[in-house]
Amino acid sequence: STMSRERADSQGSLGPDDEVMPYSDDETDDELDPSSDEERPQVEEAKKSGWRVKANDRAFCNLPEFQKKYFLCLKKSKYAGNGIKTYKYNALTFIPLNLFEQFKRAANLYFLALLILQIIPEITTLPWYTTLVPLVLVLGITAIKDLVDDLARHRMDNEINNRKCEVLLDGRFQVSKWMNIHVGDVVRLKKNDHIPADILLLSSSNPNSLCYVETAELDGETNLKFKMGLKVTDERLQEEGQLAQFDVCEEPNNRLDKFTGTMRWRKDRFPLDLDNMMLRGCRIRNTDECHGLVIFAGADTKIMRNGGKTRFKRTKIDELMNYMVYTIFVILVLLCAGLAIGNTFWYEEVGSKAWYLYDGKDQTASYRGFLSFWGYIIVLNTMVPISLYVSVEVIRLGQSKFINWDLQMYYQEKDTPAKARTTTLNEQLGQIEYIFSDKTGTLTQNIMAFKKCTIAGHTFGSFLSLGTTQPVDFTWNKYADRKFEYLDHSLVACIRSKKDKDTLEFFKLLSLCHTVMVEQKEDELVYQAASPDEGALVTAARNFGFVFLSRTQDTITISEMDQEMTYEMLALLDFNSDRKRMSIILRFPDGRIRLYCKGADTVIYERLSPNSKHKEVTQTALDIFANETLRTLCLCYKDISKQEFDAWAKKHKAASVAMGNREAALDRVYEQIESNLMMIGATAIEDKLQDGVPETIAKLAKADIKIWVLTGDKKETAENIGYSCKLLTDDMQIHYGEDNEILYEKKKKRRRLRLKRLGKRPASATPQDAAQPIDDWEKETRQVDFVNMACECEAVICCRVTPKQKANVVSLVKKYKKAVTLSIGDGANDVNMIKTADIGVGISGQEGMQAVMSSDYAFAQFRYLERLLLVHGRWSYIRMCKFLRFFFFKNFAFTLVHFWYSFFSGFSAQVAYEDWFITLYNVMYSSLPVLLVGLLDQDVNDKLSRKFPKLYLPGQQGALFNYKNFFISLFHGIFTSLVIFFIPYGAFLQTMGQNGEAPSDYQSLAVVMASSLIFTVNMQISLETSYWTFVNCFAVLCSIAIYFGIMFDIHSAGIHVIFPSTFTFTGVASNALRQPYLWLTIILTVGITLLPVICIQFLYKTIWPSVADNVQRNRKKYEMEEVEEEKSTPFQRGRRSRRSAYAFSHSRGYADLIASGRSIRRRPATARPNPRDSIREIPQAENI
């Protein structure tokens, strides 16, 4: 059928790990194939089920036709309950599931197999405890860590599931927990409640059943949205508690911007759309109480559907490490096979002929070789390091703690420290190549401030002297908002003198032409703006003496310089994204009719009257504002005669009731009156960037990290922000990717990919008709072309992107560039992208905790990203690489001694050391110093790491740990083991002790080799340490001391008496180590192993120094410079002018709302505030 093809299409581009959804996130109604649209209702009719909800009837959901299979023949209702679960284990499944997950790791399985081999008496060469002790430790530590993580998830789920809510049960409202809410329940919500499920709004305490919600957790916007109940439910259900209704709507899906359904009630059908739905994740504001009907609960809600899967993230080093463990395993098998063949030959030639070697067993040579193979697998098993994984976990845990404890990433104002929410990804932070960032709230603060204006050719607000200016004193204005700051005194003087008509007109326009709602709050006025921009302008007008006091359906009352005036509103011409302007037509108290208009300069200039003044001056001012990346609006007016207005009003009336294509009709009528305008001036608002964003971006760019900004914003705004945060610079050439439709998500109209790069642009790979890609192969090539082209650019900004597309962009780069990606965002619209990238960073800011909950790292300000990557990430990477290189080295050096020894022991799988030394070597004698290097080492300190971003490059190239480094460690280990075996062997060949006895027994040789090894390994790690602390020093000395202490204990007579079979080296250590000759051998061995290493290191640092070596060498000089540089340099602006963004960011629809009077409160008679009472605006962020 068409439908299944349609699904396959929308799926194909998403990559394999995206959930199968009824529609891709990106089809808007007009773009769904018409065929599939007609098919849907029929399918539903045929099945007769669809998604049907019956109000206040819990039994309805459990009817047999709504059951679906979920396991063998068990069935359950397809309607989800409202409880959510994000945890992995419960009390019963923890041990089996956790062990199962841990044994997925190759190394753990391998050790389990070894343990089984060691229990077989025929083969065993080492006692079983040598493997069991480390294995139990490893599994235990990891299990405890998993348990702690999972308990935290349980706690979180419980907290959410046990929130309270009022539900209609048995005819009255009762308090119930969220998890007990069912589809079809009627709930009552109070002000500031979180919405527990996706709910159809039935009625509210506001007039016209209006309800305000804040959607911060869904889309990151802090301004309020309004939802409306259906007229019919609002009017009838206030009195009747009786609900008998059906609701047929779409199946649950993940599209936040669309909902379709019908309500059947009393044989009538009513259409439902998104305006009637309140989604889970929002909060109710400014509405005392409202009633709603639960449509989707729990896992079916849109916000949970949007989460995407939690993907298990692994670092590149993890993958490399696994491959290396496989490589070692292959080497191990080859070695053992070689030694087993050797054993077979040796037995044929020597063993079977020597009568003194007869062991009473009649085994053939080849069978003995076979047994010897397994014996050697056990002896050489330490080549595959078991404690590697545990040490890596410990190091990562420590590094995460350092991130949590970092005071320089702690944000005092909000009391938010940085938080590493996962402990498995730290070293990946040192390898990032691409950063994908959200814009609003991540780069910017989402707080608007009125900065400058130009009125009739005079610009106000530009002042030259910095720092000395006093803010304007607004105490003369009893309505002024205390929080508002403005620095240009001339403007206030100009208004107060009342001489300049234009200035008064300018602020009068600002206080009249807008869609702000005003609310009485304990004798204060509180403004409810649809967008932060509008709020900023109306607040500015209020501070300069033009105060918006109240509005009804058709009047607006303002206070002009302490005189109250009421204007009759004849028409409100609403803003939408095509018009880019809004106008209001007013009848003044003296009967004049005037139109006020504000909008983007591009559209206003086309409609100015030929004899309008100030065009050029305003244009120059606008260019200056745009250069400073302020958001601008032009303001103008027009006087209209009575006849002209009456004629227009007739047309307007006709257009507003037109059935077909009403919007286009209205737009045409609006065009007619919005012409011949007279310019007054322009305003400039700043959407403040977060502190330190431009510097951070510049620093990261120097470290060769490519930054892409993905935003839902308009092109102009996105571009301006790109300039103001230094992502784009004036010498870059900008390309707009309108014709490279590459993510063809059927969104030809809305998708904009903006690519900027130096040099010329490759020919577009897209056919002109930009149709759906013909097949997967073509889709693939287009994607490759897009990624290649975008990655050649210096910076990429994608605008008008939906959450799903954000994730798609990330996965395309991951897939085709094999690059390490990081995404950073702060709202629920970024969750998908955060989960898709290799590392997700959440900003715990204005907008709910959704992003933080699904992130790997969280902090409060974008600028901390620089420290996270350039300092913590880089250090973690360097530490981890150093740790791994050394770890492999010390295990090779230790294990391969057995290999050399086997040539002299008839390949009989005899161990070269004592059993206990083998058991404790990795656990006690050599692990602490290398662990501390993995935790504390730093090649240069944090200040210099940030001063020289180039130090970050080795991480991106993966230069410090790869197969080359691995083989260097291998050969280093082979060399060391050769020396450690052959020098003591040579020294023991023909010797005589002081007292005439020969100390050349096997056990003394074992002790001398073990002691040399311990000294070598601990000295070698000291050479690799670049940052010495007391702890490092203590660890090295301590390891050597522990070795001698334990050895003398194990070799003592006392312990041999108690366990004669386990401790066989009685008195060896004390006997051997009192011979000065053997000490000389140890010193010689250690000297010969370390000398070449010291020489090579010296040569490398002198002849081919790395960036880090140079920085280290000149450290003192740079630290001196640091001090001098604190005297900062002045800030300079770019030269070239750019078109500005216009300062409108609200959705359309507010004008209808105001004009219809549905939003107006039923206000008490004494609504007008006393002149004595103060007015202040509470900024949105504080949520009234």
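Per an unreviewed UniProt entry, the protein goes by the name Phospholipid-transporting ATPase and belongs to Oncorhynchus tshawytscha. What UniProt records for the protein under Catalytic activity (unreviewed entry) is the sentence "ATP + H2O + phospholipidSide 1 = ADP + phosphate + phospholipidSide 2." UniProt, in its Sequence similarities (unreviewed entry) section for the protein, records the words "Belongs to the cation transport ATPase (P-type) (TC 3.A.3) family. Type IV subfamily."

As a further point, take the pattern of salt bridges. According to the stated counting rule, one finds 29 salt bridges in the structure shown. For Asp150, the salt bridge identified is with Arg153, shortest N-O distance 2.8 Å. Placement of the pair is Asp150 and Arg153 together in helix α6 (residues 129–161), with a separation of three residues, close to one helical turn. A residue is classified by how much of its surface remains accessible, and Arg153, at 29% relative accessible area, is partly exposed. Measuring nitrogen to oxygen at the nearest pair gives 2.4 Å for the salt bridge that ties Asp406 to Arg867. Of this pair, Asp406 sits in the loop between α12 (387–405) and β16 (419–420) while Arg867 is found in helix α26 (residues 864–902), placing the two residues 461 residues apart along the sequence.

When we look at a pair of aromatic rings, we describe it by the centre distance and by the angle of the planes. Across all of its chains, the model carries 52 aromatic pairs by this definition. On the basis of an interplanar angle of 85° and a centroid distance of 5.4 Å, the ring pair of Phe899 and Phe903 is categorised as edge-to-face. Residue Phe899 is classed as buried on the basis of its relative accessible area of 15%. Where Phe1044 meets Trp1079, the ring centres are 6.1 Å apart and the plane angle is 35°; that geometry is what we call tilted. One end of the pair, Phe1044, is in helix α33 (residues 1030–1050); the other, Trp1079, is in helix α36 (residues 1076–1103), with 35 residues separating them in the sequence.

With that settled, consider the sheet that holds strand β19 (residues 458–460). Taken together, the nine strands give an open sheet; going across it, the order is β19-β18-β28-β27-β26-β25-β24-β23-β22, and neighbouring strands pair in antiparallel fashion. In this open sheet, the two edge strands, each paired with only one partner strand, are β19 and β22 (546–551). The average angle at which neighbouring strand axes cross in this sheet is 30°, direction not considered. Pairing of strand β25 (residues 581–587) with strand β26 (residues 593–599), which is carried by seven bridges, proceeds in the antiparallel orientation. By the bridge assignment, Arg587 is partnered in β26 with Ile593. Against the sheet, helix α18 (residues 642–656) touches β24 (563–573), β25, β26 and β27 (631–640), its axis set at about 110° to β27.

Moving on to the sheet that holds strand β7 (residues 198–204). Spatial ordering of the open sheet is given by β5-β4-β6-β15-β7-β13, a layout of six strands whose pairing is antiparallel. If you trace the sheet from one side to the other, it starts and ends with β5 (172–177) and β13 (277–278), each paired once.

Quick look at the confidence of the model for the protein now. Looking at the protein, the pLDDT average stands at 77 and 80% of residues meet or exceed 70. Mean pLDDT values for the elements of the protein range from 33 in helix α2 (residues 34–47) up to 92 in α26. Considering only residues more than four positions removed or in separate chains, one finds that residues 464–468, a stretch of pLDDT under 50, has zero contacts. Low pLDDT (under 50) marks residues 739–771, which in the prediction has 114 contacts with non-local residues, meaning those over four places away or in another chain.

By the element assignment, Asn941 lies in the loop between α28 (927–936) and α29 (942–947). In the structure, Asn941 is positioned 171 residues away from Gln1112 in sequence and 9.1 Å away in space, judged by C-alpha atoms. Once residues lying within four places of it in the same chain are set aside, the contact partners of Asn941 are Trp875 and Glu1119. Of note is the side chain of Asn941, whose polar atom sits 3.4 Å from the side chain of Glu1119.

One finds Leu388, Phe883, Leu884, Tyr913, Phe917 and Leu1013 to be the most contacted residues of the largest nonpolar core, which totals 99 residues. In terms of residue count, α26 provides more of this core than any other element does, 17 residues in total. Those residues within four positions of Phe917 in sequence are excluded, and the remaining contacts are Phe894, Tyr925, Ala1010, Leu1013, Ile1014 and Tyr1043. One finds Ile495, Val518, Leu537 and Tyr596 within the second-largest nonpolar core, a separate group that totals 50 residues.

Each value, and the rule that gives it
- Residues numbered from 1 in each chain as written.
- Predicted model: local features only at pLDDT ≥ 70, side-chain atom pairs only at ≥ 80, totals over all residues.
- Heavy atoms only, no water.
- UniProt positions renumbered as here; feature names shortened; annotations may be inferred.
- Salt bridge = Lys/Arg side-chain N within 4 Å of Asp/Glu carboxyl O.
- Helix = DSSP H or I, 4+ residues; strand = E, 2+ residues; numbered from the N terminus.
- Buried < 20%, exposed > 50% of the residue type's maximum accessible area, 1.4 Å probe, protein only.
- Phe/Tyr/Trp six-rings, centres within 6.5 Å; stacked < 30°, edge-to-face > 60°.
- Pairing = 2+ DSSP bridges.
- Axes fitted to C-alpha atoms, helices over the stretch in contact; angles between N-to-C directions.
- Contact = heavy atoms within 4.5 Å.
- pLDDT = per-residue confidence, 0-100.
- Polar contact = N/O pair within 3.5 Å; in protein donor to acceptor, adjacent residues only side chain to side chain.
- Core = buried A, V, L, I, M, F, W, Y, C linked by side-chain atoms within 4.5 Å.

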